[in-house]
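A look at the structure
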Amino acid sequence: MLAWAALGLALGLRLVLARSGPERDPPASAPQGDLLFLVDSSASVSHYEFSQVREFLGQLVAPLPLGPGALQASLVHVGSRPHSEFRFAQHGSGAAVQDAIRAAAQRMGDTNAGLALAYAKEQLFAEAAGARPGVPKVLVWVTDGDSSDPVGPPMQELKDLGVTVFIVSTGRGNLLALSAAASPPPEEHLHFVDVDDLPIIAQRLRASILDAMHPQQLRALEVTSRGLRLAWPPLLGADAGFYVLELAPRADPGAARRRQLPGNATGWVWAGLEPDTDYEVVLRPESNVRLVRPQHLRVRTLPEEAGPDRIVISHARPRSVRVSWAPAPGPTAALGYRVLWGALRGGAAQRVEVPAGGNSTTLQGLAPGTAYLVTVTAAFRSGRERTLSAKACTPAGAPGGRGP
């Protein structure tokens with residue numbers, strides 16, 4: 001009995017020491033990257049929903065290789081003002097990140113997601129805040145689907161920096177707006193799921209995050225009509241050489257563009273390209289330490305995205321007007337259109353969604369004798385938007401009458 005007790009005590013002591021000791025470093029093959037969670041913490045989310053999201057994020061990061069030399073995470077609350085729960089490199093292990101997520105308290109207030117996105121760009125995806133140069137960046141935005149301020153411009157600025165955007169909407173989001181906000185293609189980066197069913201998407205989302213953080217070869221992550229973003233695995237290292245990146249129109253190899261990048265680079269954004277054009281891309285690792293073969297890629301830019309053309313206001317009545325526009329034709333057809341209108345002298349803005357292929361809508365419930373600003377926005381699969389505005393005026397109603 002004493003021997004069995006001693007053996008049990010020894011095993012228990014070893015288990016306690018193993019749990020309390022420092023976590024092992026991630027393996028050398030672990031992906032490197034900066035992962036930012038943007039969480040709706042406003043009053044539009046119930047306490048129960050927030051707790052479910054918090055638990056989901058804890059489960060999502062549990063198997064990820066978090067720590068120095070691997071992934072590092074940060075969390076920002078969306079509210080009246082953005083609030084950073086923890087910054088990159090603040091927690092050096094997966095367990096510490098999980099504990100910090102589960103300890104996060106809801107902030108309440110308005111749902112100013114656009115302000116939080118701008119904050120993420122300026123205050124978190126910056127080296128001064130712990131973000132690392134030359135590693136992939138991923139944003140996971142968990143939202144109930146609505147924002148009190150515009151998200152399009154700040155989200156596009158993040159994409160232009162090379163951030164891959166995943167969106168998880170808990171079932172009440174606008175498909176058109178969220179498809180435009182997520183990285184293309186939206187079917188791979190946008191998830192609609194009830195808050196109680198969040199664990200269903202955890203494995204798929206985790207795999208997608210790792211895929212974005214650890215590309216296996218040269219690839220184009222985002223392609224638009226005028227640019228593209230490239231990513232590749234860490235083939236060299238900061239002190240092991242450099243890369244020569246070449247891009248040339250397939251029809252005119254002599255017009256090649258070249259860029260020399262440091263050995264720790266894992267991505268680059270080419271801008272100023274021609275629409276609807278085939279390009280040949282070559283990544284040449286140059287190293288005196290070891291031979292690394294070049295990687296090749298062929299990619300075609302999208303056709304030019306033509307937004308709504310020349311808004312026409314017709315059938316003006318005291319309480320309604322007809323708004324028409326020319327839709328984007330051919331392969332650049334928009335995913336759909338968003339029409340916003342509001343009185344020029346103030347008042348709440350209203351909006352209506354028009355599906356792809358539509359080119360008109362009737363605005364109802366207007367005030368007689370009032371000038372309105374009408375804005376038509378086309379959203380494209382690339383994630384970009386094109387906008388056109390016009391003024392609409394309703395005629396004054398008949399004296400003593402309500403008008404149609």
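Here the structure is shown first, and the text comes after it.
Anyway, here's the lowdown on the structure attached to this text. Fair warning: this is a prediction, and the values are worked out from it, not measured in the lab.

**What about the packing of aromatic side chains?**
A full pass over the atoms with the stated rule returns 4 aromatic pairs. Plain terms: the ring middles of phenylalanine 88 and phenylalanine 125 are 5.7 Å apart, the flat faces sit at 40° to each other, and that makes the pair tilted. Pair noted here: phenylalanine 88 is in the loop between strand E3 (83-86) and helix H3 (94-102) and phenylalanine 125 is in the loop between helix H4 (113-124) and strand E4 (137-143), with a separation of 37 residues, a long-range link. The same class applies to phenylalanine 88 and to phenylalanine 125, which are both buried.

**Regarding helix H8 (residues 199-213)**
The end-to-end C-alpha distance of H8 is 21 Å, a good match for the 21 Å that 15 residues give at a rise of 1.5 Å each. Among all positions in H8, only Ile201, Ala202, Leu205, Arg206, Ser208, Ile209, Ala212 and Met213 are buried.

**Description of the sheet that holds strand E9 (residues 242-249)**
Strand order in the open sheet made by the 4 strands is E10-E9-E12-E13, with antiparallel pairing throughout. Two strands bound the open sheet, and with one partner strand each, they are strand E10 (257-262) and strand E13 (295-300). For this sheet the average axis-to-axis angle between neighbouring strands, irrespective of direction, equals 20°. The sheet contact formed by E9 and strand E12 (residues 278-286) spans 8 bridges and is antiparallel.

**Some thoughts on the pattern of salt bridges**
Side-chain pairs of opposite charge can arise where the charged atoms are in close proximity. Under the definition given, this model contains 13 salt bridges. Between lysine 137 and aspartate 34 there is a salt bridge, and its shortest N-O distance comes to 2.5 Å. One end of the pair, lysine 137, is in strand E4; the other, aspartate 34, is in strand E1 (residues 33-40), and 103 residues separate them in sequence. The pair lysine 137 / aspartate 34 is uniform in exposure class, with both members buried. We note a salt bridge from arginine 250 to glutamate 280, for which the minimum N-O separation is 3.9 Å. Placement of arginine 250 in the loop between E9 and E10 and of glutamate 280 in strand E12 is noted, with a sequence separation of 30 residues between them. For arginine 250, a relative accessible area of 44% puts it in the partly exposed group. Glutamate 280 sits in the partly exposed class, given a relative accessible area of 27%. The structure contains a network of salt bridges with shared partners spanning Asp34, Arg132 and Lys137.

About the thresholds
- Residues numbered from 1 in each chain as written.
- Predicted model: local features only at pLDDT ≥ 70, side-chain atom pairs only at ≥ 80, totals over all residues.
- Heavy atoms only, no water.
- Phe/Tyr/Trp six-rings, centres within 6.5 Å; stacked < 30°, edge-to-face > 60°.
- Helix = DSSP H or I, 4+ residues; strand = E, 2+ residues; numbered from the N terminus.
- Buried < 20%, exposed > 50% of the residue type's maximum accessible area, 1.4 Å probe, protein only.
- Expected span 1.5 Å × (residues − 1).
- Pairing = 2+ DSSP bridges.
- Axes fitted to C-alpha atoms, helices over the stretch in contact; angles between N-to-C directions.
- Salt bridge = Lys/Arg side-chain N within 4 Å of Asp/Glu carboxyl O.

That is the geometry; function is a separate question.
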